Amino acid sequence: MRKVIVGNHAVSWGVKLARAEVIPAYPITPQTQIVEQLSEMCASGELDARFIKVESEHSAMAAAVGASATGARAFTATSSQGLALMHEMLHWASAARHPIVMADVNRALGPGWNIWTDQTDSLAQRDTGWVQLYCETNQEVLDTTIMAFRLAEQLDLPVMLVLDAFYLSHTSEPVDIPDQELVDGFLPKRQARYKLDVNEPHAFGALVRPDDYMEMRWQLHDSLRSVVDAYAGIEREWAQLTGRSYGAIEPYRCEDAELVLVTTGTITSTARHVIDERRERGEKLGLLKIKMFRPFPGELLREALNGIPRIAVIDRNLSAGHGGIFAEELRSALYLGDVAERPDLRGYIVGLGGRNVTPETINDIIDNALSTEPVQRPDIWVGVKA
Amino acid sequence: MSQIIIKDRIPDNELLVGGHLACPGCGGALAMRLVLKELGPNTIVVLPACCWSIIAGPYPQSSLKVPLYHTAFETGAAVASGVRAALDMAGQKDTNVLVWAGDGGTFDIGLQALSGAAERRENFIYCCYDNEAYMNTGIQRSSATPWGAWTTTTPTQQPQATQKKDILAIMAAHRVSYAATASVSYPVDLIDKVRRAKEGHGTRFLHILAPCPPGWKFEDERSIDMGRLAVQSRVFPLLEVEDGERWRFSMEPERIPVEQYIRAQGRYRHLTDEQVASISASVEHRYNSLKELEQRSTASIS
Amino acid sequence: MSESFNAIPRHTPPISVSSTSTEVNRTGSWKYIQPAYHDRVAPCSAGCPTGVDIQGYMTLLREKRTAAAAELLLQENPMPAISGRVCNHPCESSCNRCEFDGSVAIHGVERMLGDRILEGRLPGSCRIRHAEHVAIVGSGPAGLACAYHLVRMGYHVEIYEQEQLPGGMLRIGIPEYRLPRAVLDRQIEFYQAMGIVFHTGCRAGEDVSWEHLATHYAAVFIASGAHVSRLLSLEGDQAGRLLLSGLDFLHRVNSGERPDLGRRVLVIGGGNTAMDCARTALRLGSEVTVVYRRTREEMPAIAEEIEDARREGVNFRFLLAPESIATLDSGLRLSCRKLKLGELDAQGRRRPLPTAEPPLELEAETVITAIGEDSELHMITADLDDVRRAVNTWSCERFARIFLGGDVAGDERTVASALGAGKRAAIGIDRHLRSHNGEHFPDELLEEMSIGRTGALSMARWMHSDPVRRVSPLNDVVRPEEINTASFAHEERHEDHHAEFSLSFAESNTGLSEAEALAEAMRCFQCGVCNECELCQIFCGENAITHDSVNGRFVIDLDHCKGCGVCTAECPRGAILMERLAGQD
């Protein structure tokens, strides 16, 4: 079935097809449409799930934790302040190994109030032990939602599905919606490895002394590191069923490139358009989209960027006092490899708080990146009014 | 019959095992044991941070024979909402979900989640075992700490300056189907209330006073006595509220002076006789208001 | 590179999940004191001069084991139907329930059980198990008790009684309206059936010689009572001829005489004999006034007797000391000095002191004196104090064969103490005779046999025949503060019933009904003896107490008991004690 739907509804459809069982949620712009539609689906009986209209995002994640701990497939969605409020429970979900799937519609954090897109909210949660997958299109959103549950339950890890506010969340695109049967085959009912079970009573989460804590965190870390391969396998399977796959990273026209732009989310589409144009003009430019931020696919990136002399990372986010987060993560990933010659990697900060990132912005970045003048600072702010 | 024999009214279930890490004479440990006796093995306990986070034992131990989920301080009612939803989805509708929270996790940091769950009529039993301060962290005041009490953050030069929050009234204002106060010193009354809670539906709230020998500064063996004095002095009346409007005293033992309760505890040692008299007056005032509520409830029923 | 770098954890689960219980923690090691269950002594038994296991028979009664209750009572008390009527019941003033809502009406329960026993069949003759014969002089409560216990032990016992009928003071001193003769006679019948031989109308030293008693019997118990009224010497009276002796008066009336005392009778004295005289005189149709030198509070008579006398119409004049008596045409005039109360005396009673006020004159046709009785000691050849000490301490090498007890020994002049003295003598005699047969009884045994270490001797302990199961018995008395009254409901004490008011010699106090007696047994706190109420277990926050219902006891899991003491504090009856652990200060 093909439908023209907004990105938010692509999430809802994905959740419905994944047969989520418990959905605790709290409204926040621009995520609200996701849970609105899910509550309608629950109300109409299309989706057999418990929708819990919690009183806060913290409780949304707490309830998801409770449901997941009891063996249910749990989903929630949020943005910005809501995600920040959940922070404590994000750690709880991952360290307790609850395969919760959550959609975060990227939105800038206040103050001042700002409802527009900005990745800082999700990236600020990078150390919480969640898998983070950034999407570019509504189709990718739907497919990733379904795959996220597979991935989460395969490794007992929570997965955050991230999409840009408005550019994706509120933008309609045609989306191929797979049959329920297909999804059921791909994603069977959850079989929890551990759960609250009166027939097999255990205590979960009790005090762990220093002599065991590290071993548990090691395992969390190890599972997260295995996500790259596991996700590849899941995508292969999904591709066999639907013909669609995305990759943890997606290099585009990078062969022989003198400069590769690194992007995430919807900026990728804009950049792809610019790269195509300038390639036609004979410029040796490439593009690399990063979908998976956690775990950070360092090895894939080192391989993909090996030999590329110039790299321009476009960040619609900010680690204040440090710089763009993808740029910093990539820089550190490349440092680890045996890259023969260190590339000229420049980080560009754009579009914070939803400011438009146009083809002109991308062109300016490319021009700057191709210039040979030395970089004065690791973060280059684009379009800041003087 | 002269001695009131209660053993036949206490269920046999023993779901608390020895070796737990409560202090000697802990009212909270006994409260759990008694509550689980009535709820039985088909119960899942959600445990936000509180003394019981320690009492339940460190990894890889558990002092309960029922499933237990340790969770963050403010999340008891929210996690329980999720547990309930998952159980319902799995068709386990007869499994009890019990939130077991201290006064900090109920009166203070967990109040929002509790309020939300209560308003949503989440189907679980919420027990607050109230030892009237943050005891696990070393006796800091909470909004359940009574006026005049010493804690490490309300030193005797500046003891607790406000009245204990009326959590029962707060829960009644949510019109939960059943809310009650109970005491470990009156086990039959407590068990009866757990049973009524168990038989009910929606959010059911029990506020259990749990005397704390190290926090209140009294001898370990007087734990039960202290709970009894609290009830007898009407400092902690035993109440039930149905649907937020039908109030009743479940039992009213013969009254004793408030001094007898206050003066038995080191945390009140600094109080002057006048201050104790003012506590007594406020206890009397609240008692009279509660009596009025009870009478109004009775009048509206008949 | 160290092997500890990048090792793969293979033995820790990925999350904090339990795989064992806290029972592995020996939290019992936190404690420095620990609880232990003991069966201890109830204050009623310790306070009972007869040494009755009151708590024990109350418990059996509660369990509806009436026959067993009666048997336990009979083990220590030979005449519950009588003591239930006439005893001053110090057990009740010792009762830990006093402060709560009034003591258990122990005498009423005792009387009910005693009456049931006497209503039953006569007992069979006791089997003789010993060759020795024992003589007893006097068939009052002390002599009867000694005989009873000895017969039950298997001795042949003969009682010598100077009166025509056995009973001693029970018969001649206690008026019929308090102790119906039918009850006394039936009780004597029981003793006869058990094998006690009575030689009545046979006065020791006259009708039977002391030499005979000393040579024909292996042991002699002298319990000849105190039958000599003390004399009051008043100005104007020649050798007490104007005064009637209270004891003589009672003896005459109790033998069936009905003397005419005139319209007005004065009774001088404040003890039980004075009350008996006053109430008896009332029944003979006189107006009676009791004259006592202190106030009602100091009167040594049983409170109920005073109250009954007052209720029946006896007048009381307090703080008066008779000084002279004169004969008038209309009768006698007693002149009394007015007194006031001063400091406490050695017995803790306020001493009466004379005042300068003019004397008070009282007129009457008859004046009865009841100011005490003395024993006839001339029959005793040995030094009295030595004999008495012999009985009390077992150190009786000098006077091994002669024992002394009851009023004659100067014991407290109550039926209860006489019954205790008789039992003590029986045990002393048994010990003495068995010692001669090679058995050894160390002196420490005396304390062990004494209820609460200082009370009456326990026949159950002496005979090792306690029918009540004891858990680690401790011979100490439960103090009132050890009772946790929280689990008791107030319940009014049942008082004796009285027949419609009439001044006759028929018994007016009809006691308690069986149901009321049972209700009183239910009121018993059962001090010091576990009744498996399970409060200790219910209140244990450690779940460290389990009830072994087969053996009816509790087992403490000392590996997990932290020694908080809640069980001890909550035990309603002081049956759990906290004990310091070895090696702890």
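Owing to the predicted nature of the structure, the values given are computational and were not obtained by experimental measurement.

Moving on: the overall build of chain B. Within chain B, the secondary structure is distributed over 11 helices and nine strands. By the compact-globule yardstick of 19 Å for 302 residues, chain B fits well, its C-alpha radius of gyration being 18 Å. Across its three principal axes, chain B shows a C-alpha extent of roughly 60 × 50 × 45 Å. The burial tally for chain B puts 60% of its 302 residues in the buried class. A fraction of 69% describes how many contacts in chain B between residues 6 or more apart in sequence connect residues 24 or more apart.

For the rest of this paragraph, the subject is the overall build of chain C. Along the backbone of chain C there are 21 helices and 23 strands. C-alpha atoms of chain C, sized along the principal axes, occupy 130 × 60 × 45 Å. When contacts within chain C are restricted to residue pairs at least 6 apart in sequence, those whose partners lie at least 24 apart make up 74%.

It is worth spelling out the sheet that holds strand β6 (residues 131-134) of chain A at this point. The strands making up a sheet associate through backbone hydrogen bonding, with each pair oriented either parallel or antiparallel. Residue and element names in this part refer to chain A. The strand order across the open sheet built from five strands is β4-β5-β7-β6-β13, with neighbouring strands paired in mixed fashion. Each having just a single partner strand, β4 (75-78) and β13 (292-294) make up the two edges of the open sheet. With strand direction ignored, the average angle separating the axes of adjacent strands in the sheet is 20°. Pairing geometry for β4 and strand β5 (residues 101-106), over four bridges, is parallel. Along β5, the bridge assignment pairs A77 with A103.

Our focus in this paragraph is the sheet that holds strand β11 (residues 259-263) of chain A. Residues and elements named next belong to chain A. With mixed pairing, six strands are arranged side by side in an open sheet as β10-β12-β11-β14-β15-β16. Two strands bound the open sheet, and with one partner strand each, they are β10 (249-252) and β16 (379-381). In this sheet, adjacent strand axes meet at a mean angle of 25° when their direction is disregarded. Against the sheet, helix α10 (residues 267-280) engages β10, β11, β12 (285-290) and β14 (310-315), with an angle of about 165° to β12.

Moving on to the interface of chain A and chain C. Each partner contributes residues to the interface: chain A has 15 residues there, and chain C has seven residues. Within the residue set of the side of chain A that touches chain C, elements represented by two or more residues are β9 (203-204) and α8 (210-225) of chain A. Counting residues per element, the side of chain A that touches chain C draws most heavily on α8(A), which supplies six residues. In terms of residue class, the side of chain A that touches chain C is made up of nine nonpolar, three polar and three charged.

Right, let's get into the interface of chain A and chain B. Between chain A and chain B, the contact holds 38 residues from the first and 42 residues from the second. Residue composition of the side of chain A that touches chain B, by class: 22 nonpolar, eight polar and eight charged. Two strands pair when backbone bridges link them, and β9(A) and strand β3 (residues 68-71) of chain B are joined in this way by two bridges, in the parallel orientation. Considered in β3(B), the bridge of A:F204 is made with B:Y69.

So, about the pairing of strand β21 (residues 545-548) of chain C. Residues and elements named next belong to chain C. Taken together, the four bridges between β21 and strand β22 (residues 553-556) define a ladder with antiparallel strand orientation. Its bridge partner lying in β22, H547 is registered against F554. Linking β21 back to β22 in an antiparallel pair, the connection comprises four residues, with G552 at a positive phi of about 60°.

Residue and element names in this part refer to chain B. Position of N96 among the secondary structure elements: in strand β4 (residues 96-101). Residues N96 and N123, 27 residues apart in the sequence, show an inter-C-alpha distance of 8.8 Å. Not counting residues up to four positions away in its chain, the partners in contact with N96 are L39, N42, T43, I125 and K198.

Residues and elements named next belong to chain C. In the contact formed by helix α8 (residues 141-153) and helix α16 (residues 415-436), the axes pass within 7 Å of each other and the chain directions differ by 40°. On the basis of the axis angle, α8 is oblique to α16. The two elements α8 and α16 meet at a crossing, and its hand is right-handed. Facing α8, whose interface residues are P141, A142, G143, L144, A145, C146, H149, L150 and M153, α16 presents V415, A418, L419, A421, G422, K423, A425, A426, I429 and D430. A class-by-class count of the residues in the contact of α8 with α16 yields 14 nonpolar, three polar and two charged.

What follows is about the confidence of the model for chain C. With 94% of its residues at a pLDDT of at least 70, chain C reaches an overall mean of 90. Both confidence scores are given for the complex: pTM 0.91, ipTM 0.97.

The amide bond that connects A:G110 to the next residue, A:P111, takes the cis arrangement and shows omega of -10°. Cis rather than trans, the peptide bond between B:Y59 and B:P60 has omega equal to 5°. Looking at the element boundaries, B:P60 is found in the loop between α2 (51-55) and β2 (61-62). A positive phi angle, near 45°, is found at A:S80, a position not held by glycine. Look at C:H89: it is not a glycine, yet its phi comes out positive at around 35°. Locating C:H89 in the fold gives a position in the loop between α4 (80-86) and α5 (90-94). Under the C-beta neighbour-count criterion, C:H89 is labelled buried, with 25 such atoms within 10 Å.

A word on the environment of B:E245. Residue and element names in this part refer to chain B. Tracing the backbone through its elements, the reader meets E245 in the loop between β8 (238-242) and β9 (246-251). E245 sits in the partly exposed class, given 13 other C-beta atoms within 10 Å. Separated by 29 residues in the primary sequence, E245 and E274 place their C-alpha atoms 35 Å from one another.

Once that is clear, we can look at the packing of helix α13 (residues 272-283) of chain C against helix α14 (residues 303-312) of chain C. Residues and elements named next belong to chain C. Axis separation between α13 and α14 bottoms out at 10 Å; the angle between their running directions is 25°. The pairing of α13 with α14 is recorded here as roughly parallel in orientation. α14 is crossed by α13, and the crossing has left-handed handedness. Between α13 and α14, the residues in contact are N272, M275, A278, R279 and L282 and E305, I306, D308, A309 and E312, respectively. Considered class by class, the residues forming the contact of α13 with α14 number five nonpolar, one polar and four charged.

So, about helix α9 (residues 227-242) of chain A. Residues and elements named next belong to chain A. For α9, spanning 16 residues, the distance from its first C-alpha to its last is 21 Å, which sits close to the expected 22 Å at 1.5 Å a residue. Among the residues making up α9, those that are buried are V227, Y231, I234, E235 and W238. Within α9, the buried residues cover an arc of 105° as seen down the axis, which keeps them to one side. Projecting away from the buried face of α9 at angles above 90 degrees are the exposed residues D229, G233, R236 and Q240. Close packing links the buried residues of α9 with β6, α6 (138-155), α7 (180-186), α8 and β13. At the C-terminal side of α9, G243 shows a positive phi close to 80°.

We now examine the pairing of strand β10 (residues 287-291) of chain C. Residues and elements named next belong to chain C. With five bridges joining them, strand β9 (residues 264-268) and β10 adopt parallel strand pairing. From the neighbouring strand, V265 faces β10, where its bridge partner is V288. The handedness of the β9 to β10 crossover, carried by α13, is right-handed. What joins β10 to strand β11 (residues 315-317) is α14, and the crossover it makes is right-handed.

Here A:E136 is to be found in the loop between β6 and α6. Non-local contacts of A:E136, meaning those with residues more than four positions away in its chain, are made with A:G265, A:T266, A:T268, A:S269 and A:K289.

A few words now on α16(C). Helix length check: α16(C) (22 residues) gives 31 Å between terminal C-alpha atoms against 32 Å at 1.5 Å per residue, within 8%. Where α16(C) terminates, the next one or two residues include C:G438, which has phi positive at roughly 100°.

Procedures and definitions
- Residues numbered from 1 in each chain as written.
- Chains lettered and ligands numbered in written order.
- Predicted model: local features only at pLDDT ≥ 70, side-chain atom pairs only at ≥ 80, totals over all residues.
- Helix = DSSP H or I, 4+ residues; strand = E, 2+ residues; numbered from the N terminus.
- Rg over C-alpha atoms; globule rule 2.2 N^0.38 Å.
- Buried ≥ 20, exposed ≤ 12 C-beta atoms within 10 Å, placed from the backbone.
- Contact = placed C-beta atoms within 7 Å.
- Pairing = 2+ DSSP bridges.
- Axes fitted to C-alpha atoms, helices over the stretch in contact; angles between N-to-C directions.
- Nonpolar A, V, L, I, M, F, W, Y, C, P; charged D, E, K, R; others polar.
- Parallel < 35°, antiparallel > 145°, perpendicular 65-115°, else oblique.
- Left-handed = near helix turned anticlockwise from the far one by under 90°.
- pLDDT = per-residue confidence, 0-100.
- Expected span 1.5 Å × (residues − 1).
- Arc of directions from axis to C-beta.
- Right-handed = clockwise from strand over helix to strand, strands pointing away.

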